[in-house]
Each structure stands twice: as structure tokens, then as C-alpha cells.
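Single-letter residue listing:
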Amino acid sequence: MRLFSALLPPAPAVSELAAAVAELRALPGADRLRWTQRAGWHFTLAFYGEVPDELVPRLSGRLGRAARRHRPLTLRLTGGGRFGDRTLWAGAEGDLQAVARLAATAAAAGRRAGIPVEEHLRYTAHLTLARGRGVDLRPFAARLAGFAGTEEWTVGELALIRSHPPAPGVAGAQPHYEPLTVRPLGRAATDAAGGAAGDGAGDG
């Protein structure tokens, strides 16, 4: 299975971003980009690649323990940028340091489950909107810079997601994302019970 862990924005935040993306798709060159589908918008925490079936339960368990080590956090979609002329993305503001720690924990969970996961030299929370080659993404990123969503939400879950490849031979087909498990960020519940572990990059 091709797997990754991610944070999923709620429908109201997605709707705000979708309105901004509709304007981007009217810009010159937009028809040459491969736009992602709003149903699959997410913030990737760690990418695990092709994971053998026998390792999936171990990875899921490790992620469950990892999620319990972190408090729920707050995000709001805002701004955006580009990775060269390859990827256009929307950004976020809020507890970004907590997101980076959670990403490190999710990657460590994969390694402890026996999956070779690359370490992030610098994690950037981003939601991929479009990919392409040969298109100048600077006008798109400049337009995104002024985007400021009003929907702030509390992130309380970490999802393990399976990526199904696009249907072969179908023009414009895109991957389909299937959540396999959704783990609560559990420190709030742990605090209520009278004890909590500290944040960290390990997964216990």
C-alpha cells in the first residue's frame, strides 16, 4: 500500500480555499497545470511510500501512540507559495511549530515500524493545489499570497491515508485517497485524566 500520514482540513476551510482556487484557475496558463481535487486536500506529515501489508498494523499502532503525545492544535488556511515551477501550494498559520513536531513524530513512527522514512531538514506545512512543468507559477503564488481564510479550526486527529493510483489510460485522472485509520491527538484527554507526556520527536 502507498501510505502517508496527514492532517485533514474541515469542509468550511476547504470551501474558502476552493473559492480562491477558482480565481487562480482563470489565470493564463492554468489549463496547463494538473490541479488537485478538493476532496483530497490535506497537509502531509510523513510519506511512507509502498508499505508491505504486514507492516501496516504496526505502523497504525505506532501512529496511535505518537498521536497521544501531542496536544490538539489550531490552524487557519492562509497564503501560499511554490516549490520552483513544479508545485503550487496553500499555506497555513497557527500552531506551525506543533505541526512540525507532529510531522517529526509521524516520521519517527514510520521508522520504528520498519519503514525507511526520510527526515525533513525543514518541514513546511503546505497543501498542494497544482503541479506542472513549463508554467511560470509566480503569478499564481503572488495571487495566493493575499488569501486569508477566516475559518480557524482545532486539529484533533492524525490520519493514515492510502493513496490509490490514477486510473490508467484516463485523461486527467488523479489519485484517490482513502483514510485507513484516524487517530486522536490525545493529550487533551490525557490531561483530563490527570497526566500527560511531553511533546517530542519520538513515538514512544
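Engineer: Would you take a moment to explain the pairing of strand 6 (residues 127–131) for this structure?
Structural biologist: Successive residues of a regular strand alternate their side chains across the two faces of the sheet. Among the five residues that make up strand 6, four are buried, leaving the element largely enclosed by the rest of the structure. Inspection of the sheet shows strand 2 (residues 34–35) paired to strand 6 by two bridges, in the antiparallel sense. Of the residues in strand 6, the one forming a bridge with Arg34 is Arg131. Sheet topology places strand 5 (residues 87–94) next to strand 6; four bridges connect them, and they run antiparallel. Bridge pairing in strand 6 places Ala90 opposite Leu127.

Engineer: In this structure, what is going on with the layout of surface pockets? I would like to understand it.
Structural biologist: One way to see where empty space is left: roll a probe the size of a water molecule over the atoms. Space inside the largest pocket adds up to approximately 980 Å³. Along its surface, the largest pocket is lined by 31 residues, and His42, Thr44, Thr128, Arg131 and Tyr177 are the ones closest to its centre. Secondary-structure elements contributing two or more residues to the lining of the largest pocket are strand 1 (2–7), strand 2, strand 3 (43–50), strand 6 and strand 9 (176–184). Sort the elements by how many residues they give to the lining of the largest pocket and strand 3 lands first, with four residues.

Engineer: How do you make sense of the pattern of salt bridges when you look at a structure like this?
Structural biologist: Two side chains of opposite charge can pair, provided their charged atoms sit close to one another. Counted according to the given criterion, the structure contains four salt bridges. Close ionic contact of Glu93 with Arg76 constitutes a salt bridge, the shortest N to O distance being 2.0 Å. Residue Glu93 is located in strand 5, and its partner Arg76 is located in strand 4 (residues 73–83); the two are separated by 17 residues in the primary sequence. A residue is classified by how much of its surface remains accessible, and Glu93, at 34% relative accessible area, is partly exposed. On the basis of relative accessibility, which here comes to 17%, the residue Arg76 falls in the buried class. A salt bridge links Asp136 to Arg138; the shortest N-O distance between them is 2.9 Å. By relative accessible area, which is 31% here, Asp136 ends up partly exposed.

Engineer: It is not clear to me how the nonpolar core should be interpreted in this structure. Could you clarify?
Structural biologist: Generally speaking, a soluble globular protein has its nonpolar side chains buried in company with each other. Leu17, Trp35, Leu45, Tyr48, Leu88, Leu129 and Phe140 are the most contacted members of the largest nonpolar core, which has 57 residues in total. Setting aside residues no more than four positions away along its own chain, Tyr48 makes contact with Leu3, Phe4, Ser5, Leu59, Leu63, Ala106, Ala107, Gly110, Ile115, Val117 and Leu160.

Analysis parameters
Residues numbered from 1 in each chain as written. Predicted model: local features only at pLDDT ≥ 70, side-chain atom pairs only at ≥ 80, totals over all residues. Heavy atoms only, no water. Buried < 20%, exposed > 50% of the residue type's maximum accessible area, 1.4 Å probe, protein only. Helix = DSSP H or I, 4+ residues; strand = E, 2+ residues; numbered from the N terminus. Pairing = 2+ DSSP bridges. 1 Å grid on protein atoms, 1.4 Å probe; cavity = no way out; pocket = protein on both sides within 12 Å on 5 of 7 lines; lining within 4 Å. Points joined across faces, edges and corners; volume = space filled by probe spheres on them. Salt bridge = Lys/Arg side-chain N within 4 Å of Asp/Glu carboxyl O. Core = buried A, V, L, I, M, F, W, Y, C linked by side-chain atoms within 4.5 Å. Contact = heavy atoms within 4.5 Å.

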